[in-house]
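# Descriptive analysis of the structure
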Amino acid sequence: MVDGKRLWRRLSELAEIGKQESGGVTRLSLTKVERAAKDLVASFMEEAGLEVREDAAGNLFGRREGKDPGAQAVLVGSHLDSVYEGGNFDGPLGVLAGVEVAQTMEEGGVETIRPVEVVAFTDEEGTRFSFGMIGSRALAGTLSEEDLQHEDEDGISIADAMRHYGLDPERIEEAARPRDSLAAYLELHVEQGRVLQNEDLPVGVVTGIAAPVWRRLVFTGETGHAGTTPMKLRRDALAAAAEVAAVVEDEALATGTSVGTVGQLSLEPGGINIIPGRVELSLDLRDIDEGTRDLIEDRILERARALCEGRGVGLETEVLQRMTPISCSETVRGAVRAACEGLDLGTYDLASGAAHDGMQLVGLCPVGMIFVRSKGGVSHNPDEWSSKEDCMAGANVLYHATLDLASRHS
Ligand code: GLV
Ligand code: MN
Ligand code: MN
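Here's what I pulled together on the structure shown here.

### Considerations on the coordination of the manganese ion (ligand 3)
Summarising the metal site, the manganese ion (ligand 3) is bound by the protein donors Asp90 (OD), Glu125 (OE), Glu125 (OE) and His380 (NE2), whose distances to it range over 2.1 to 2.6 Å. When the donor residues of the manganese ion (ligand 3) are listed from N- to C-terminus, their spacing reads D-x34-E-x254-H. Between the manganese ion (ligand 3) and the manganese ion (ligand 2), a separation of 3.7 Å is found, and both are coordinated by Asp90. Within this pair, whereas Glu125 is found in the loop between strand E4 (116-121) and helix H4 (134-140), its partner His380 is found in the loop between strand E16 (367-372) and helix H11 (388-406), the two being separated by 255 residues in sequence.

Structure below.
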């Protein structure tokens, strides 16, 4: 059994890094704040007796050798970056539970055949650059030079941010792990939804992960005098954008499964008595079924173009990132299910509405996830909460599933 007190203490300590007045954290990738979080976790990895290193993408690893050092490793972990005013569990729980699993093995003198590696991925959330999963894409060898050109709101590209951080973007491909070098990737994460709470269960077995497409839409109208321009003669960029936001809600609702969000909106010039001439908004569309998601994406864009045309407003759009939904590996799910059964926790299957690093790794190795009950399903919010007991239950499932996977011969 893992040391739940130690896990909780480390979670609380990590929550101090990037802490906001709201009680949540803002810990953007490739910043000093994220660096401090990685340094603290590296110190925990050292306490756990792990061999610590960082790769060319800034992914932090702690490795515990198995009896066969040449065997494929079992990788466990998550991320340390957050959204603006994010919660204290989204990411950190999976990383710290991974450290706890390895430390419990170390303290118990447990020998595994395969090595166990704990990872803290660089930038899962995509908050800073509107493009995420940088570390896991690099691990999978799919991060392109073009991807590194995504910029933050100050115009700093991922490549430049890497340089400031002490990383060399020219060497990013060195972070790629050879295909089949990993036996499995298993991530413990908070559910961020209400399913487990409704089922009165502490943990669940993840079946698959829904995937987002992120777009930016730019509306160009005409600025003008708010007092003298008759309503019929206006080309109001915000009025067009507002209609499109309503279309997003309408189309997503109509499917019954998809979710659509406009999370960012900016307008220019931004005067109380000026008709907005330029508006930028973000679009986040998701579904576990890619076809459904892409269909409503097309419908939204079609309706947006038509309504902009009717208003004499220009519309330009670009894709920021497009992910593919995944199914979790039967092998990994089996190990998680057996761990849940062994701990008398029930085996409840559920899909993930949130995106996770494992989505980037499916070409590399079998991927699975364990969810821990989230209080009220609240996440990407300072009030995100999972109880100490539930976190410990999840970490114990991670321990037994990892032990099982790491005890197998390649
Ligand atoms: C990350 O948490 C996401 O699902 O956007
Ligand atoms: Mn997360
Ligand atoms: Mn998140």
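### Some remarks on the coordination of the manganese ion (ligand 2)
The protein atoms donating to the manganese ion (ligand 2) are His79 (NE2), Asp90 (OD) and His189 (NE2), with metal-donor distances spanning 2.0 to 2.2 Å. In primary-sequence terms, the residues that donate to the manganese ion (ligand 2) follow H-x10-D-x98-H. We classify His79 as buried; its relative accessible area is 0%. Overall, the relative accessible area of 5% leaves Asp90 in the buried class.

### Some remarks on the site of ligand 1
Every residue near ligand 1 is listed here: Glu124, Glu125, Arg286, Ala354, Ala355 and His380. A distance of 3.0 Å is found between an oxygen atom of ligand 1 and a side-chain nitrogen or oxygen belonging to Glu125. Measuring from an oxygen atom of ligand 1, one finds a side-chain N or O atom of His380 at 3.2 Å. Protein coverage of the free-state accessible area of ligand 1, which is 190 Å², stands at 93%.

### Topic: the pattern of salt bridges
On inspection of all chains with the given rule, the structure shows 36 salt bridges. Across the salt bridge formed by Arg177 and Glu117, the nearest N and O atoms sit 2.8 Å from each other. Residue Arg177 is located in the loop between helix H5 (158-165) and strand E5 (182-190), and its partner Glu117 is located in strand E4; the two are separated by 60 residues in the primary sequence. Salt bridges linked by common partners bring Arg215, Glu290, Arg293, Asp294, Glu297 and Arg322 together as one network.

### Side note on the pairing of strand E6 (residues 203-209)
Among the seven residues of E6, six are classified as buried, and the element is accordingly described as predominantly covered. Where E6 lies against E16, three bridges are found, and the strand directions are antiparallel. From the neighbouring strand, Val205 faces E16, where its bridge partner is Ile370. In the sheet, E6 pairs with strand E15 (residues 349-352) via three bridges, with the strands oriented parallel. The partner of Val206 across the bridge, within E15, is Leu350. Here E6 pairs with strand E14 (residues 326-327) via two bridges, running antiparallel. In the sheet register, Gly208 faces E14, and the bridge partner there is Ser327.

### Describing empty space enclosed by the protein
Tallying each qualifying case throughout the model produces one cavity of 30 Å³ or more. Taken as a whole, the largest cavity spans an internal volume of roughly 30 Å³.

### Section: the packing of helix H1 (residues 4-14) against H11
Here H1 crosses H11 at 115°, and the two axes come no closer than 10 Å. Considered as vectors, H1 and H11 are oriented roughly perpendicular to each other. Judged by the sense of rotation from one axis to the other, the crossing of H1 with H11 is right-handed. Contacts from Gly4, Lys5, Leu7 and Trp8 in H1 reach Lys388, Cys391, Met392 and Ala395 in H11. Tallied by class, the residues present in the contact of H1 with H11 amount to five nonpolar, one polar and two charged.

### What about the side chain of Arg293?
By secondary structure assignment, the location of Arg293 is in helix H8 (residues 290-311). At 3.1 Å, the side chain of Arg293 and the backbone oxygen of Ala211 are in polar contact. Not counting residues up to four positions away in its chain, the partners in contact with Arg293 are Ala211, Pro212, Val213, Leu285, Arg286, Asp287, Arg322 and Met323.

### As for the packing of aromatic side chains
This model, assessed by the stated rule, comprises four aromatic pairs. Members of the aromatic cluster, joined through ring pairs, are Trp8, Phe89 and Trp385. Over the face of the ring belonging to Phe61 we find Arg53, whose NZ or CZ atom lies 4.5 Å from the ring centre. The aromatic ring of Phe61 is capped on one face by Arg177, whose charged end is 5.6 Å from the ring centroid.

What counts, and at which threshold
- Residues numbered from 1 in each chain as written.
- Chains lettered and ligands numbered in written order.
- Predicted model: local features only at pLDDT ≥ 70, side-chain atom pairs only at ≥ 80, totals over all residues.
- Heavy atoms only, no water.
- Donors = N, O, S within 2.8 Å, 3.2 Å for Na, K, Ca; no water.
- Helix = DSSP H or I, 4+ residues; strand = E, 2+ residues; numbered from the N terminus.
- Buried < 20%, exposed > 50% of the residue type's maximum accessible area, 1.4 Å probe, protein only.
- Near = heavy atom within 4 Å.
- Polar contact = N/O pair within 3.5 Å; in protein donor to acceptor, adjacent residues only side chain to side chain.
- Areas by Shrake-Rupley, 256 points an atom, 1.4 Å probe, with all protein chains shown as cover.
- Salt bridge = Lys/Arg side-chain N within 4 Å of Asp/Glu carboxyl O.
- Pairing = 2+ DSSP bridges.
- 1 Å grid on protein atoms, 1.4 Å probe; cavity = no way out; pocket = protein on both sides within 12 Å on 5 of 7 lines; lining within 4 Å.
- Points joined across faces, edges and corners; volume = space filled by probe spheres on them.
- Axes fitted to C-alpha atoms, helices over the stretch in contact; angles between N-to-C directions.
- Parallel < 35°, antiparallel > 145°, perpendicular 65-115°, else oblique.
- Left-handed = near helix turned anticlockwise from the far one by under 90°.
- Contact = heavy atoms within 4.5 Å.
- Nonpolar A, V, L, I, M, F, W, Y, C, P; charged D, E, K, R; others polar.
- Phe/Tyr/Trp six-rings, centres within 6.5 Å; stacked < 30°, edge-to-face > 60°.
- Lys NZ or Arg CZ within 6 Å of the ring centre and 35° of its normal.

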